[in-house]
Amino acid sequence: MIEIIPAIDIMEGRCVRLAKGDYSRKKVYDSSPLEMALRYADCGVKRIHVVDLDGAKSSRPINLKTLETLASKVNLEIEWGGGLSSDEALHSAFDAGATCAVIGSVAVKEPEMMHRWLKTFSPERIILGADVRGRKVAVKGWQEDSEVTIDTLISSFLQDSLSQVICTDISRDGMLQGPSFDLYTSLAESYPGITFTVSGGISSFSDIERLEEMGHKRVIVGKAVYEGRITLKQIEKWSLNA
């Protein structure tokens, strides 16, 4: 069964969601990152996807204290992204308790560093984060567009045994309009050795069920949970049957 990975996006220590990656269109939620992580743990999920939005914007980790709290209080795998643009930053995230690191901007701007990290830390701990508009990859917290396509980006790291990619369709993210099914099907067919995580646009549990029917392996859910379109009970039932 497809694995549900709940998302927790953090700004100034609080849970937020953006619309299409626009920092000016953020919505702040009352629950703290720890409260949400504990709720997800009670639902039986195995992993959470945590994004340091302040870090992504600043190109350096900002919310590592929150990561330390999550890692010490919740028995979940934590995939952490945002601002991981140097050896020091990556080590600090792992030291703070991240299970895996999601690498986006560095993979585009400094590919040699990404090559080295995949070899040093293994493809099990380094996840390529490709945030796309169309098929072109955006960087620096989605604030800058590049000319690199997702296909070129993935292909460049296959030699390093890249095995995990989180692809976020920015045009769908936070919009609750359903994911880009065709995009993920195309990627899965082109790169059968990669485990792709669907990210962006999940609007209801029927989207997850459709992705399951299509054979996808992982999906990130975020705003749909905060807005009550997907319930924790639904996640719990799915996780228990997985």
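Participant: Would you take a moment to explain the environment of glycine 134 for this structure?
Facilitator: By secondary structure assignment, the location of glycine 134 is in the loop between strand S7 (126-133) and strand S8 (136-139). Through-space distance from the C-alpha of glycine 134 to that of glutamate 68 is 35 Å; in sequence the pair is 66 residues apart.

Participant: Just checking my understanding: could you explain helix H8 (residues 181-190) for this structure?
Facilitator: Side chains three or four residues apart in an α-helix point the same way, a direct result of the helix having 3.6 residues per turn. All buried positions along H8 are accounted for by Phe181, Leu183, Tyr184 and Leu187. On an axial view of H8, the arc spanned by its buried residues comes to 165°, and they lie on one face. Pointing more than 90 degrees away from the buried face of H8 are the exposed residues Asp182 and Glu189. Close packing links the buried residues of H8 with S7, helix H7 (150-157), strand S10 (164-169), strand S11 (195-199) and helix H9 (205-213).

Participant: How do you make sense of the layout of surface pockets when you look at a structure like this?
Facilitator: One simple way to see leftover space: roll a probe sized like a water molecule over the atoms. Considering only enclosed or pocket space, the second largest pocket measures out at about 150 Å³ in volume. In terms of lining residues, the second largest pocket is bounded by Met1, Ile2, Glu3, Ile4, Gly44, Val45, Lys46, Trp238, Ser239 and Ala242. Mapped by element, the contributors of at least two residues to the lining of the second largest pocket are strand S1 (3-11) and helix H11 (232-241). The class makeup of the residues in the lining of the second largest pocket is 6 nonpolar, 2 polar and 2 charged.

Procedures and definitions
Residues numbered from 1 in each chain as written. Predicted model: local features only at pLDDT ≥ 70, side-chain atom pairs only at ≥ 80, totals over all residues. Heavy atoms only, no water. Helix = DSSP H or I, 4+ residues; strand = E, 2+ residues; numbered from the N terminus. Buried < 20%, exposed > 50% of the residue type's maximum accessible area, 1.4 Å probe, protein only. Arc of directions from axis to C-beta. Contact = heavy atoms within 4.5 Å. 1 Å grid on protein atoms, 1.4 Å probe; cavity = no way out; pocket = protein on both sides within 12 Å on 5 of 7 lines; lining within 4 Å. Points joined across faces, edges and corners; volume = space filled by probe spheres on them. Nonpolar A, V, L, I, M, F, W, Y, C, P; charged D, E, K, R; others polar.

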